[in-house]
Amino acid sequence: MLKKIQDLLKEVENFKSDSLDEIEQFRIKYLSKKGIVSELFSEFKNVPVEQKKEFGQMMNKLKTQTLIKVNQLKDSFTADDKEYSELDLSLPGSPLDSGSRHPVSIVKNEIVEIFSRLGFTVSEGPEIEDDWHVFSALNFPEEHPARDMQDTFFIEKNPDILLRTHTSSVQVHEMESMKPPIRTVSPGRVFRNEAISARAHCIFHQVEGLYIDENVSFADLKQTLLYFAHEMFGENTQIRLRPSYFPFTEPSAEVDVSCNLCGGKGCNVCKYTGWLEILGCGMVDPNVLEASGIDSNKYTGFAFGMGVERIAMLKYGVKDLRLYFENDVRFLRQFSSAF
Ligand code: PHE
């Protein structure tokens, strides 16, 4: 009897199969109600008393070894098998979430593209600047309030080093290194020490433009800006220039476009004026040309500068500037464009 169990143990140990059916047959043969194991157990009563202990131990061993074997074989088998049996190759794939361009990038690219059609090149410069390129070369008097700590982030140890407050600084680099004609736009990030609100942020983006050549006139400036307004906001858009002041331009103006939401009739976006302010501009002050070594008797030029977030807000009807900086994908996903 004990010999029989030993033989069975060997048989179990040597059993191998890569067929689920065979494994199941093996399990039934050994472990089912009428299987070998329970049949042997039923003979327990006939086993001589002195052998009962050993018989019991070997039977338990046979039972557990068989169970372990069956489970092992099934496990290794079903792991692979499942992968194939549950794989439905006809199901549509799960799409990858594709990113979208940030609305500020879309609008910046669109602005740059519009001016490139008029022959403007793109120039870039450093965000950390010196006083000369941000202020002095642009005809800011020493005591001008824009140099005040209120607006500008200075590097503590050296007030000559600061974060640019506008990309006009890039145009100074251009004037210093290039000979007229110069026709360039400077997109980039700028920094101002302002409290963050729905209408203001300490970081924002600008595109500034500069055109210097012989006989550049205010009429050229107006026509360039009218072209821009039509391309950006639609063919029926009108522009309006209001006298203004910038240290680096004379005369200077602020430019409004007719509100494209109400068609100029007045709504809460244009605060019932029918007009939206979009940029500052003017004829380059001769002092600025001279500071960068350009002969102001021979050359004249115009310059303009706009905030990209502001244009994007007007274009998309977004009322809170902060949305552009929070990077909430529910907001960002809504913008798509060729730009
Ligand atoms: N640099 C000005 C600003 O940051 C904008 C501007 C540029 C105005 C060129 C006039 C001419 O506000």
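Each value, and the rule that gives it
Residues numbered from 1 in each chain as written. Predicted model: local features only at pLDDT ≥ 70, side-chain atom pairs only at ≥ 80, totals over all residues. Heavy atoms only, no water. Domains from an automatic or database assignment. Axes fitted to C-alpha atoms, helices over the stretch in contact; angles between N-to-C directions. Helix = DSSP H or I, 4+ residues; strand = E, 2+ residues; numbered from the N terminus. Parallel < 35°, antiparallel > 145°, perpendicular 65-115°, else oblique. Left-handed = near helix turned anticlockwise from the far one by under 90°. Contact = heavy atoms within 4.5 Å. Nonpolar A, V, L, I, M, F, W, Y, C, P; charged D, E, K, R; others polar. Phe/Tyr/Trp six-rings, centres within 6.5 Å; stacked < 30°, edge-to-face > 60°. Buried < 20%, exposed > 50% of the residue type's maximum accessible area, 1.4 Å probe, protein only. Salt bridge = Lys/Arg side-chain N within 4 Å of Asp/Glu carboxyl O. Pairing = 2+ DSSP bridges.

A word on the domain arrangement of the chain
Domain annotation of the chain identifies domain 1 (2-80) and domain 2 (103-332). For domain 1 versus domain 2, the distance between C-alpha centres works out to 86 Å.

Examining the packing of helix H5 (residues 103-116) against helix H8 (residues 218-233)
Relative to each other, H5 and H8 sit at 135 degrees, their axes nearing to 10 Å. Comparing their axes, H8 and H5 come out oblique. H5 and H8 meet at a crossing whose hand is right-handed. Contact with H5, carried on its side by Val107, Glu110, Ile111, Ile114 and Phe115, involves Thr224, Tyr227, Phe228, Glu231 and Met232 of H8 and no other residues of that element. Looking at the contact of H5 with H8 residue by residue, the classes come out as 7 nonpolar, 1 polar and 2 charged.

As for the packing of aromatic side chains
According to the stated counting rule, one finds 16 aromatic pairs in the structure shown. Taking the centre distance of 6.3 Å and the plane angle of 65 degrees together, the rings of Phe120 and Phe304 count as edge-to-face. In this pair, Phe120 is assigned in the loop between H5 and strand S1 (121-122) and Phe304 in strand S10 (residues 300-307), connecting sequence segments 184 residues apart. Considered together, Phe120 and Phe304 belong to a single accessibility category, that of buried residues. Centre to centre, the rings of Phe302 and Phe304 are 6.3 Å apart; their planes meet at 35 degrees, and the pair counts as tilted. In this structure Phe302 comes out as buried when scored by relative accessible area, which is 0%. Given a relative accessible area of 2%, Phe304 falls into the buried group. Members of the aromatic cluster, each reached through a chain of ring pairs, are Phe115, Phe120, Tyr211, Phe228, Phe302 and Phe304.

Remarks on the pattern of salt bridges
When the charged atoms of two side chains with opposite charge come close together, those side chains can pair. Applying the stated criterion across every chain yields a total of 14 salt bridges. In this structure, Glu110 and Lys315 form a salt bridge, with 3.5 Å as the shortest nitrogen-oxygen distance. Residue Glu110 is located in helix H5, and its partner Lys315 is located in helix H10 (residues 308-316); the two are separated by 205 residues in the primary sequence. Residue Glu110 is classed as buried on the basis of its relative accessible area of 9%.

Some thoughts on the sheet that holds strand S3 (residues 154-155)
Spatially, S2-S4-S3 is the arrangement adopted by the 3 strands of the open sheet, whose pairing is antiparallel. Single-partner strands in this sheet number two, and they are strand S2 (128-130) and S3. Across 2 bridges, S3 lies against strand S4 (residues 158-163) in antiparallel orientation. By the bridge assignment for S4, Phe154 is matched with Leu162.

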